[in-house]
2 protein chains.
Amino acid sequence: MAQQHLDPTDPTAGPAPTGEALAGYLRAQATEFLRALRQYRETGTAPGTAEGSVEATRALRRSVRRISASLHTYRPLLDADWSEVLRPELAWLSGTLSMEHAYAARLERLLLALQRLSGAAVFPAQTGVATGGRVPEAIQVKAAHVTAGPPSPAPDRGNLTVGAAKAGALLERQLTLARTRAHSTALQALGSSRFHAVADKVAVLASEVPLTPTAPTADLRPLAAAAEERLADAVTALPLVTAGHPYNAAALIHGLSPDPAPHPQDAPWHQVRLLLRLHRYAREALYGDKASLDVRLLTAGQALHRHRDASEAAAAAASAARTPRIAPATAYALGVLHADQRHEVEAARFAFQQCWQKQVVSR
Amino acid sequence: MAQQHLDPTDPTAGPAPTGEALAGYLRAQATEFLRALRQYRETGTAPGTAEGSVEATRALRRSVRRISASLHTYRPLLDADWSEVLRPELAWLSGTLSMEHAYAARLERLLLALQRLSGAAVFPAQTGVATGGRVPEAIQVKAAHVTAGPPSPAPDRGNLTVGAAKAGALLERQLTLARTRAHSTALQALGSSRFHAVADKVAVLASEVPLTPTAPTADLRPLAAAAEERLADAVTALPLVTAGHPYNAAALIHGLSPDPAPHPQDAPWHQVRLLLRLHRYAREALYGDKASLDVRLLTAGQALHRHRDASEAAAAAASAARTPRIAPATAYALGVLHADQRHEVEAARFAFQQCWQKQVVSR
C-alpha cells in the first residue's frame, strides 16, 4: 500500500525521466561537492572560521551520500568499472567525515537527558524549543555549536545529584576523547592522497558522467521503483504492530542482557533508515527539488534518525558504566540514562509507525 | 462529562435507595468481616494452612475498606460519635494488614522486571499469561503464592548479568525483611486488645447500624453524587493531556533528582485512586451487586493500582541503590530497573487516560 502511494510515477506528469536526468543530478551533486571542498579549504585552516569548516564538511557529506546512493540505485545505467571503484571510496569518506559530528551529538543528547532526568530546566534560553521534554532541535543546535568550536560552556550542574554529575563528567571525558580522535582522523583523511584521488574523480563527474551507451534514453523509474520496493519489503518485516502499541516495553527487553553487543533488535530499523534514504535520493534524481517536498518521508526519516541516535546513546551510557572503579552512584545514573535512551528508541519506533500508517491510510 | 455518565441515577430505575439500603450494605460487610475473622482464626494457627490465612486476611481487608469508605461517604447519615471513633481504627487495621502483601507483590514485580530486562523468558510455566512483556496477572499469582507460604523458588538467574543477579538478591533481602516485619506486625495487631475493640464494634454493626434518626428515609444519592464529584474534580486536575500523549517522558523527569522523597507528581494520581475507590464503594451501597458490573470503573482502577505499584517499586529500586558499598554493576542494574518502573508509571497514566476518555466519549 505504502508502495503504491509512494509510486514515483505519482507526483509529476510529463515525459519519463531518463539517464539524462540522472546525469544532471550527478553533475549537480559533484559541483556541490567541489564547492564545499573549496569552502572547506578556504575556512578550514584560518583561525576563527571553525563554523564555516563545519558547514563545509556537512555539505561535503551531503553530496557524497547522494552520489553514493545514485551509484547504488542506478548502477545498471552507469559504467560498471568506474562505479565499482568509486563507491567504496565514497563510503569510506562519508563514514570518516560523519564520526566527529556523531560523537558531539551523542554527548549533547546524553547531557541533555541527564539534565531532564534531574528535573532541571533544560538550557533556559532554549525552553521555547524544548517543548514536551524531548528536545531534538535543541540537541542539533547545541551539537552544531560543539562541533563548531571550543567546548560549549558546561550546562549548569548545580542541581544534579553527585551520581548524575559524575556520569555526565565521565561521558564528557569519553565522548570528547572519541570526538577529538575522529576530528584528527577526518583531518588526516582530507589531506590524504586517497582523498585527492576521490576528489579528482568527482571533479571529472562534475562535467562528464560515465553513463552506459543505452542509459541516456533509458527510463529511470523502474530502478527507482525497485529501490522503493526494497524499502517497502524491509518495512513490512519490521514489528510495526508492536511498535504501534504504546508502552510495549520492547526496546529495553535486553537492557540488562549480559551480551555487550548493540541490541540486535535495532538492526532492521537501521536498515530501513538506510533504505529510506536511498529511496529519497532516488526520487531526487527523478524529480529534483519537487521530490523533496514529501513531508511524510522526511518525518519518517527523522523518526529513524532519532531511533539511531538514541540507540547509540544508550550503548554509550552502557559502555561508560563498564568503566572500572566508578562509584555506584555514577553507575546508577548511567543505568537510568541507558533505560531512558532505550525508551527513546521505543518512542521513535512508535513515531515511525504512526507516520508510516498515516501514509498508508491517507492513500 | 464523565460525571454525567457516572451519575448514580443512571444504571437503575425504581425507588431511590435510602439509609435502609446503607444499613443493609454495612450489615453485609460487617458479617463478611466476622466470617473472614473466623476463617483466619481457624486457619491462621494450624500448619499448612497459610493459603487460607492469606485468603482470610484479604477478605478482612476487603470488608474493612468498604465499611471505612461508607463511613466517609455517608457520614451525615451515621451517628457522628460512633463514626469518629471507628474510622481511624479501621484505617489503622487496613494499613497494618496490607503491608505484608504490598512488600511481597513489590518484590515479585521487581524480580519479574529484572528477568524481562535480561531478555529471559519470564517464568516459563506462566508464559501463556505473560503476554506482551507486562505480566500483572503473573505478578498477582506469584505474589499470592509468596505471601501464602515459604519463599517461592528463586527464579532462574542463569542468564542474568552479575549486576542484575546481585540487584535481585539485594532487593530480595531488603523486601523480604520488610515483609517479615510486616507479617509480625500484622500478627501482633490481630492479637491486640485494640483489634478486639474494633472487632467488637464491627460485631455490633452486623446487627445494628447506628443511623441518625432521619437517615432511614433519606435519599443516599446526593451523598454518592458528592463522592463522584470529588472524583471528577480530582481527575480534572490531573495532567491528562500529557498522559494521553504516548512517550511524553514525564514520569521519569525527576528520576535522578537529588530529592530522595517519593515523586510528588505521583500524589494526585494516588489521590484519584482513593477517590475512585470511594466512588465505587458508594455505588455498591446504592445498587449492590449491580454496581460492580461497571467494567470501565474497574479498568480505570486497575490502571491506578498499577500506577501505585510501579511508583513504589521504582522507589524501592532507588532506595536499594543507596545501600552502602554495593558494586557499580548492581547500582547500574538498579538504575535501569528504576527507570523501567517509572516508565510503567507513565504507561499506567496513559492507560488510565485512554480508559477515562473512552468513558467520556461513549456517553
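Residues numbered from 1 in each chain as written. Chains lettered and ligands numbered in written order. Predicted model: local features only at pLDDT ≥ 70, side-chain atom pairs only at ≥ 80, totals over all residues. Heavy atoms only, no water.

### A short note on the overall build of chain A
The helix and strand tally for chain A stands at twelve helices and zero strands. Here chain A holds 363 residues, and 51% of them are scored as buried. Taking all contacts inside chain A whose residues are at least 6 apart in sequence as the whole, residues at least 24 apart take part in 83%. When the accessible surface of chain A is summed, it comes to about 16000 Å², and 58% of that surface belongs to carbon and sulfur atoms. (Helix = DSSP H or I, 4+ residues; strand = E, 2+ residues; numbered from the N terminus. Buried < 20%, exposed > 50% of the residue type's maximum accessible area, 1.4 Å probe, protein only. Contact = heavy atoms within 4.5 Å. Areas by Shrake-Rupley, 256 points an atom, 1.4 Å probe, with all protein chains shown as cover.)

### A look at the relation of the copies chain A and chain B
Placing chain A over chain B gives an RMSD of 0.0 Å and needs a rotation angle of 180 degrees, together with 0.0 Å of translation along the axis. Taken together, these values place the two copies in the relation of a two-fold axis. A share of 100% of the interface residues of chain A reappears at the interface of chain B, consistent with the copies meeting face to face through the same patch. (Least-squares fit on C-alpha atoms with pLDDT ≥ 70 in both.)

### Focus on unusual backbone geometry
For Arg-325 of chain A, which is not glycine, the phi dihedral falls at a positive 65 degrees. In this structure, Arg-325 of chain A sits in the loop between α11 (295-321) and α12 (328-362). Its relative accessible area of 80% is what places Arg-325 of chain A among the exposed residues. A positive phi is found at Tyr-247 of chain B, a non-glycine position, where the angle reads about 60 degrees. Topologically, Tyr-247 of chain B is positioned in the loop between α9 (240-243) and α10 (267-287). We classify Tyr-247 of chain B as buried; its relative accessible area is 5%.

### Section: the pattern of salt bridges
As a working rule, side chains carrying opposite charge can pair if their charged atoms are close by. Residue and element names in this part refer to chain A. Counted by the stated rule, this structure contains 22 salt bridges over all chains. Two residues, Arg-35 and Glu-32, come together in a salt bridge whose shortest N-O distance is 2.8 Å. Residue Arg-35 and its partner Glu-32 are both found in helix α2 (residues 19-44); the two are separated by three residues, about one turn of the helix. Judged by relative accessible area, which is 36%, Arg-35 ranks as partly exposed. A residue is classified by how much of its surface remains accessible, and Glu-32, at 25% relative accessible area, is partly exposed. Through salt bridges with shared partners, a single network forms among Arg-109, Arg-306 and Glu-344. (Salt bridge = Lys/Arg side-chain N within 4 Å of Asp/Glu carboxyl O.)

### Regarding the interface of chain A and chain B
Each side of the interface is counted separately: chain A has 40 residues, and chain B has 40 residues. Here chain A meets chain B over a buried area of about 3300 Å², counting both sides, of which 69% is carbon and sulfur. Together, Tyr-247, Leu-256 and Tyr-332 of chain A form the three largest contributors to the area buried by chain A at its contact with chain B, with a combined 29%. Joining chain A to chain B, the criterion identifies zero salt bridges. In this structure, the connection of chain A to chain B is made through six residue pairs in polar contact (both at pLDDT 80 or more). Sorting the residues of the side of chain A that touches chain B by element identifies α4 (80-117), α11 and α12 of chain A as the ones contributing at least two each. The greatest single-element share of the side of chain A that touches chain B, amounting to 14 residues, is contributed by α12 of chain A. Broken down by class, the residue content of the side of chain A that touches chain B amounts to 23 nonpolar, 13 polar and four charged. (Buried area = accessible area lost by both parts, 1.4 Å probe. Polar contact = N/O pair within 3.5 Å; in protein donor to acceptor, adjacent residues only side chain to side chain. Nonpolar A, V, L, I, M, F, W, Y, C, P; charged D, E, K, R; others polar.)

### Quick look at the packing of helix α6 (residues 162-191) of chain B against helix α7 (residues 193-205) of chain B
Residue and element names in this part refer to chain B. Contact pair α6 / α7: the axes reach a minimum separation of 5 Å and the direction vectors enclose 60 degrees. By the angle between their directions, the pair α6 and α7 is classed as oblique. Together, Ala-189, Leu-190 and Gly-191 of α6 and Ser-193, Phe-195 and His-196 of α7 make up the contact between the two elements. Considered class by class, the residues forming the contact of α6 with α7 number three nonpolar, three polar and no charged. (Axes fitted to C-alpha atoms, helices over the stretch in contact; angles between N-to-C directions. Parallel < 35°, antiparallel > 145°, perpendicular 65-115°, else oblique.)

### Side note on the confidence of the model for chain A
Residue and element names in this part refer to chain A. Taken as a whole, chain A shows an average pLDDT of 85; of its residues, 80% reach a score of 70 or greater. This model gives residues 1-9 a pLDDT under 50, and the stretch forms 27 contacts once residues within four places in sequence are excluded. Confidence drops under a pLDDT of 50 for residues 122-157, and excluding neighbours within four residues, the segment shows 54 contacts in the predicted structure. (pLDDT = per-residue confidence, 0-100.)

### Some points on the packing of aromatic side chains
Enumeration over the complete set of coordinates arrives at nine aromatic pairs over all chains. Both rings, one in Trp-269 of chain A and one in Phe-352 of chain A, keep their centres 6.0 Å apart while their planes meet at 85 degrees; by these two values the pair is edge-to-face. Residue Trp-269 of chain A is located in helix α10 (residues 267-287), and its partner Phe-352 of chain A is located in helix α12; the two are separated by 83 residues in the primary sequence. An identical accessibility class is assigned to Trp-269 of chain A and Phe-352 of chain A; each is buried. Centre to centre, the rings of Phe-33 of chain B and Phe-195 of chain B are 6.4 Å apart; their planes meet at 35 degrees, and the pair counts as tilted. With a gap of 162 residues between them, Phe-33 of chain B in helix α2 (residues 19-44) and Phe-195 of chain B in helix α7 connect regions that are remote in the sequence. In this structure an aromatic cluster arises from ring pairing among Tyr-247 and Phe-350 of chain A together with Tyr-247 and Phe-350 of chain B. (Phe/Tyr/Trp six-rings, centres within 6.5 Å; stacked < 30°, edge-to-face > 60°.)

### A closer look at the side chain of Thr-96 of chain A
Residue and element names in this part refer to chain A. Its place among the elements puts Thr-96 in helix α4. On the accessibility criterion, Thr-96 (13% relative accessible area) is buried. A distance of 2.7 Å separates a polar side-chain atom of Thr-96 from the backbone oxygen of Trp-92. In contact with Thr-96, other than residues within four places in its own chain, are Thr-185, Ala-186 and Ala-189.

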